[in-house]
Amino acid sequence: MRAATETTDPALPSPDVLAERLLPWFDAHNRTELPWRRPGTTAWGVLVSEIMSQQTQVARVAPVWEAWMARWPEPADLAAAPTADVLREWGRMGYPRRALRLQECARIIAEEHGGTVPADPAELEKLPGIGNYTAAAVAVFHYGGRHAVVDTNVRRVVARLGGRSDAGTATTRADLAAAAALLPEDTATAARVSLALMELGALVCTARKTECGTCPVTAECGFSGQELPEGPSRKRQRYKGTNRHVRGEVMALLRDADGPVERARIDAVWTDRRMVDEAVAQLIADGLIGTDEQGRFELPSR
DNA sequence: AAGTCGGGGAG
DNA sequence: CTCCCAGACTT
């Protein structure tokens, strides 16, 4: 039953119909060989993979994850590592603050959870850098819980099933509720549906184009056959020439340096001195870089 | 709800 | 070249 104030969007398919259409397609098309999907991967390994995959393509994450897990197999291992080593191993995956938060996660899990990654999404969300998506992903993909796993792909697919061209800029409570309403009762099946929705959004129902002709749920979709609107759906910040770009260059310099770096070498990464000042100040404030007794710059020792 | 936070790969 | 990626967090 719907309230009169709600829109008249097409009804979403029932969970059972969705699963019936989606899962055979998923069995035939799901990519993977992703290393963290191998049997025997720990909850910690899954958590690390999900943090690394936040806004970084999984293909780029895979080799870093392999080296990372070989070096620091358990939370206590990462907790004890020098932060400089952690940031170097993170490499060029972007958003290095994720690496800091991941190490904080390791310390909290090691010290307050006896080294065991929580299975409850609410508990996981208390950890730094873990939001709704990552918490659900760990709880479902490792622990096998029954929760909606809502990433950008799932939000887009669910929006289109409901007749819209795309989801909004931010994840809303309505997005989460709509995705949860699509989960079948059976817990193991629900987990596969979540992964299948993500995969459908990555391979068929993508941001740039729809392939309704090959989509397994085209008959149940409110947007099927419609054209995507022209132009960018979301405003995006340029990267080149931004303050963010300068920070990236400073971090790259310090990652590749053998020891502490003089200010003069920092200044050499960018022509605009004021932008370097701003970048360095922000990196220090974020805990991504530090200074030694002589005022030289380096990655944080702890 | 909009801005900010990297860097690279795909189109 | 532009756009987007298994998002989280702050404002």
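Per an unreviewed UniProt entry, chain A goes by the name Adenine DNA glycosylase and belongs to Glycomyces sambucus. As its UniProt record puts it under Sequence similarities (unreviewed entry), chain A is described as follows: "Belongs to the Nth/MutY family." If you open the UniProt record of chain A and go to Cofactor (unreviewed entry), you find "[4Fe-4S] cluster".

A. Representation of the overall build of chain A in the model. Check the secondary structure of chain A and you find 14 helices and two strands. Overall, the C-alpha framework of chain A stretches about 70 × 45 × 35 Å when taken along its three principal axes. Taken across its 302 residues, chain A has 44% of its residues classed as buried. A fraction of 64% describes how many contacts in chain A between residues 6 or more apart in sequence connect residues 24 or more apart. Seen as two clouds, the 37 positive and the 40 negative side-chain charges of chain A have centres 5 Å apart.

B. Structural context of helix α8 (residues 132–142). When you tally the buried positions in α8, you get nine out of eleven residues, the bulk of the element. Taken as a whole, α8 has its buried residues at Tyr 133, Thr 134, Ala 135, Ala 136, Ala 137, Val 138, Ala 139, Val 140 and Phe 141. Elements in contact with the buried residues of α8: α2 (43–52), α7 (121–124) and α11 (187–203). Looking at the residues trailing α8, positive phi occurs at Gly 144, about 75°.

C. Fine view of the domain arrangement of chain A. Segmenting chain A into domains produces domain 1 (15–29 + 150–185 + 195–220), domain 2 (35–142) and domain 3 (243–293). Centre-to-centre separation of domain 1 and domain 2, based on C-alpha positions: 26 Å. In this complex, domain 1 contributes five residues to the contact, which on the side of domain 2 involves four residues. Broken down residue by residue, the surface that domain 1 buries against domain 2 is led by Val 150, Leu 195 and Met 198, which jointly contribute 70%. On inspection of domain 1 and its partner domain 2, the count reaches zero salt bridges. Run the count over domain 1 and domain 2 and you get zero residue pairs in polar contact (both at pLDDT 80 or more). Class assignment of the residues belonging to the side of domain 1 that touches domain 2 gives a composition of four nonpolar, no polar and one charged.

Definitions and limits used
- Residues numbered from 1 in each chain as written.
- Chains lettered and ligands numbered in written order.
- Predicted model: local features only at pLDDT ≥ 70, side-chain atom pairs only at ≥ 80, totals over all residues.
- Heavy atoms only, no water.
- UniProt positions renumbered as here; feature names shortened; annotations may be inferred.
- Helix = DSSP H or I, 4+ residues; strand = E, 2+ residues; numbered from the N terminus.
- Buried < 20%, exposed > 50% of the residue type's maximum accessible area, 1.4 Å probe, protein only.
- Contact = heavy atoms within 4.5 Å.
- Lys, Arg positive; Asp, Glu negative; His and termini not counted.
- Charge placed at Lys NZ, Arg CZ, Asp CG, Glu CD.
- Domains from an automatic or database assignment.
- Buried area = accessible area lost by both parts, 1.4 Å probe.
- Salt bridge = Lys/Arg side-chain N within 4 Å of Asp/Glu carboxyl O.
- Polar contact = N/O pair within 3.5 Å; in protein donor to acceptor, adjacent residues only side chain to side chain.
- Nonpolar A, V, L, I, M, F, W, Y, C, P; charged D, E, K, R; others polar.

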